[in-house]
Amino acid sequence: MLYFILYKDYVILTNHFIKRSDKVPKTEIDKAMKRREKFLKKYPEKEIGKLLS
């Protein structure tokens with residue numbers, strides 16, 4: 001499971017997968033980072049604060 005923490009105590013799940021080795025596949029990391037960027041562009045921190053208030 002890959003995620004990032006945003007705005008106080010909220011966790012945003014970017015993706016999950018079945019890990020078959022000790023290392024996280026680079027494709028999964030890249031996918032999570034792209035989804036994080038897309039989320040932050042769509043919902044800037046100011047907007048998230050309004051949504052959660």
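In this text, all values refer to a predicted model and were calculated from it rather than measured experimentally.

What counts and what doesn't
Residues numbered from 1 in each chain as written. Predicted model: local features only at pLDDT ≥ 70, side-chain atom pairs only at ≥ 80, totals over all residues. Heavy atoms only, no water. Helix = DSSP H or I, 4+ residues; strand = E, 2+ residues; numbered from the N terminus. Buried < 20%, exposed > 50% of the residue type's maximum accessible area, 1.4 Å probe, protein only. Contact = heavy atoms within 4.5 Å. Phe/Tyr/Trp six-rings, centres within 6.5 Å; stacked < 30°, edge-to-face > 60°.

1. Focus on the overall build of the protein chain
Part 1: Counting secondary structure elements, the protein chain contains 2 helices and 2 strands.
Part 2: Listing every helix and strand of the protein chain by position from the N terminus yields β-β-α-α.
Part 3: Burial status across the protein chain gives 21% buried among its 53 residues.
Part 4: In the protein chain, 32% of the contacts between residues at least 6 apart in sequence involve partners at least 24 apart.

2. Remarks on the packing of aromatic side chains
Part 1: Enumeration according to the criterion identifies 1 aromatic pair in this entry.
Part 2: Ring geometry for Phe39 and Tyr43: centres 5.1 Å apart, planes at 45°, overall tilted.

As far as function goes, none of this settles anything; it's purely spatial.
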